[in-house]
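Here is how the chains run, residue by residue.
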Amino acid sequence: MVALMKMISFSEFGGPDVLRFIDAEPPHAAEGQIRISVSAAGVNPVDWRIRLGQRQESHPISLPSGIGQDASGIVDEVGDGVTGIQEGDAVFGRGLDTYAEHAVLTSWAPLPSSLSFAEAAGYPSVVETALRAIREVGVEAGQTLLVSGASGGVGSAAVQIAVARGITVIGTAGSANQEYVRGLGALVTTYGDGWTDRVGEYGQVDAAIDVAGSGVIADLVSITGNPDRVVTIADLSGPSLGVRFLGVGGDMFVALNIAVELIDAGLLRIPIEKSYPLADAATAQSDSQAGHTRGRRVLIP
């Protein structure tokens, strides 16, 4: 008889209440994949967007479905063609349906010695997205980047990666997160009335990344003077204003290797805002959707 595992699944699109904590058969690593015993799973905004059905056009899924893409854990199965890793290794990476006790990873890297499993689960997607956003807006050393929503996972990563590359960063964040963002190495200001004027006091802005999705795309285009120098990962209306919307994509193996280098050099650290038991995935997603996060949220099976 096959031993079952616990996982989060949903059979209809909707609010957090559609998520179910169920028993299921564990997945197995196909060619080019590994399976891990999950120590922690990252909670990403894309997860609840998928749950709501907002990504069906770009990344359709069939229901019922598991959910989650980032995780850390111990390798317990190695697929054909995979080299350089073995059962028992500690890793973190991106995979499939990671809100579970076992999950398949399609991209991975060794767990950095300075990170706990819980911390590491919060890195993969946010670092890859931040790297891709910085590349897409074409900002370079000596220039200035505005990060709207700098205190969350992607914002925290983008600020630190840009600073490490010699880019001046201005971050917007809520009043409670001003010192946190400043501690990442950014100049900082609050949201609200007059925020564009406050940003202007810091001087010219060459490029901008919208992380928060708080309806500021038009302002970011005005501040930079060019929609090509603005990207959003959160505002679906961006393309209507000529701004690129960045979905899931990119080379995760490359991103993870860059992340490890930055972590080992002491240039990248993303704290955990809160950890939740796996069974409380609905609460974790609700909190993620509410915003104002400082760092990352993770699930612990």
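Residues numbered from 1 in each chain as written. Predicted model: local features only at pLDDT ≥ 70, side-chain atom pairs only at ≥ 80, totals over all residues. Heavy atoms only, no water.

- As annotated in an unreviewed UniProt entry, the protein chain carries the name NADPH:quinone reductase-like Zn-dependent oxidoreductase and is attributed to Mycolicibacterium frederiksbergense.

Here we look at helix α8 (residues 252–264)
Each full turn of the α-helix corresponds to 3.6 residues, which orients residues three or four apart in the same direction.
Argument step 1. Taking 1.5 Å as the rise per residue, α8 with 13 residues should run 18 Å; its terminal C-alpha atoms sit 18 Å apart, in good agreement.
Argument step 2. The complete set of buried residues in α8 reads M252, A255, L256, A259, V260, L262 and I263. Projection of α8 onto a plane perpendicular to its axis shows the buried side chains occupying an angular sector of 165°, all on one side. Opposite the buried face of α8, by more than 90 degrees, sit the exposed residues E261 and D264.
Argument step 3. Residues of α8 that are buried make contact with β6 (90–96), β7 (102–110), α3 (124–137) and α4 (153–164).
Argument step 4. With a side-chain oxygen positioned 3.1 Å from the backbone nitrogen of F253, the residue opening α8 is D251. (Helix = DSSP H or I, 4+ residues; strand = E, 2+ residues; numbered from the N terminus. Expected span 1.5 Å × (residues − 1). Buried < 20%, exposed > 50% of the residue type's maximum accessible area, 1.4 Å probe, protein only. Arc of directions from axis to C-beta. Contact = heavy atoms within 4.5 Å. Polar contact = N/O pair within 3.5 Å; in protein donor to acceptor, adjacent residues only side chain to side chain.)

Description of the environment of V43
Argument step 1. Relative to the assigned elements, V43 resides in strand β3 (residues 34–43).
Argument step 2. Spatially, the C-alpha atom of V43 lies 5.5 Å from that of R297, the residues being 254 residues apart in sequence.
Argument step 3. Apart from residues no more than four positions distant in its own chain, V43 is found in contact with Y99, A284, Q285, S288, R296, R297, V298 and L299.

A closer look at the pattern of salt bridges
Argument step 1. Using the criterion set out here, one finds nine salt bridges in the structure.
Argument step 2. Salt-bridge contacts for R244 lead to E136; the nearest nitrogen and oxygen are separated by 2.7 Å. Of this pair, R244 sits in strand β13 (residues 244–245) while E136 is found in helix α3, placing the two residues 108 residues apart along the sequence.
Argument step 3. When the shortest N-O distance is used, the salt bridge between E179 and R182 registers 2.4 Å. On the criterion of helical spacing, the pair formed by E179 and R182 is a turn pair, its members being three residues apart in helix α5 (residues 178–183). (Salt bridge = Lys/Arg side-chain N within 4 Å of Asp/Glu carboxyl O.)

Quick word on the packing of aromatic side chains
Argument step 1. For the structure on display, the rule yields two aromatic pairs.
Argument step 2. For the pair W108 and F253, a centre-to-centre distance of 5.1 Å together with 75° between the ring planes defines the contact as edge-to-face. You can see W108 sitting in strand β7 and its partner F253 sitting in helix α8, a full 145 residues away along the chain.
Argument step 3. The buried category is assigned to W108, whose relative accessible area is 12%.
Argument step 4. On the accessibility criterion, F253 (35% relative accessible area) is partly exposed. (Phe/Tyr/Trp six-rings, centres within 6.5 Å; stacked < 30°, edge-to-face > 60°.)

Some remarks on the packing of helix α1 (residues 45–52) against helix α9 (residues 281–290)
Argument step 1. Packing of α1 against α9 brings their axes to within 9 Å, and their N-to-C directions diverge by 105°. One element, α1, and the other, α9, form an angle in the roughly perpendicular class. Of the residues in α9, those in contact with P45, D47, W48, R51 and L52 of α1 are Q285, S288 and Q289.
Argument step 2. The class makeup of the residues in the contact of α1 with α9 is three nonpolar, three polar and two charged. (Axes fitted to C-alpha atoms, helices over the stretch in contact; angles between N-to-C directions. Parallel < 35°, antiparallel > 145°, perpendicular 65-115°, else oblique. Nonpolar A, V, L, I, M, F, W, Y, C, P; charged D, E, K, R; others polar.)

Re the pairing of strand β10 (residues 187–190)
Argument step 1. Alignment of strand β9 (residues 168–173) against β10, held across four bridges, turns out to be parallel. Each bridged residue has a counterpart across the sheet, and for A173 the counterpart in β10 is T190.
Argument step 2. This β-α-β element, β9 to α5 to β10, shows right-handed connectivity. (Pairing = 2+ DSSP bridges. Right-handed = clockwise from strand over helix to strand, strands pointing away.)

As for the sheet that holds strand β12 (residues 230–232)
Argument step 1. If you trace the six strands from one edge of the open sheet to the other, you get β10-β9-β8-β11-β12-β13, paired in parallel fashion. The sheet is open, and its two borders are formed by β10 and β13, each paired with just one other strand.
Argument step 2. Where α3 meets the sheet, it contacts β8 (144–148), β11 (207–210), β12 and β13, and its direction lies at approximately 145° from that of β11.
Argument step 3. Packing of α4 onto the sheet brings it into contact with β8 and β9, and relative to β8 it is tilted by some 170°.

Re the sheet that holds strand β2 (residues 20–24)
Argument step 1. Across the sheet, three strands lie side by side as β2-β1-β4; this open sheet has antiparallel pairing. Both edges of this open sheet fall to β2 and β4 (65–66), since each of them pairs with a single strand only.
Argument step 2. With two bridges connecting them, strand β1 (residues 5–10) and β4 associate as antiparallel partners. Note that in β4 the partner of F10 across the bridge is S65.

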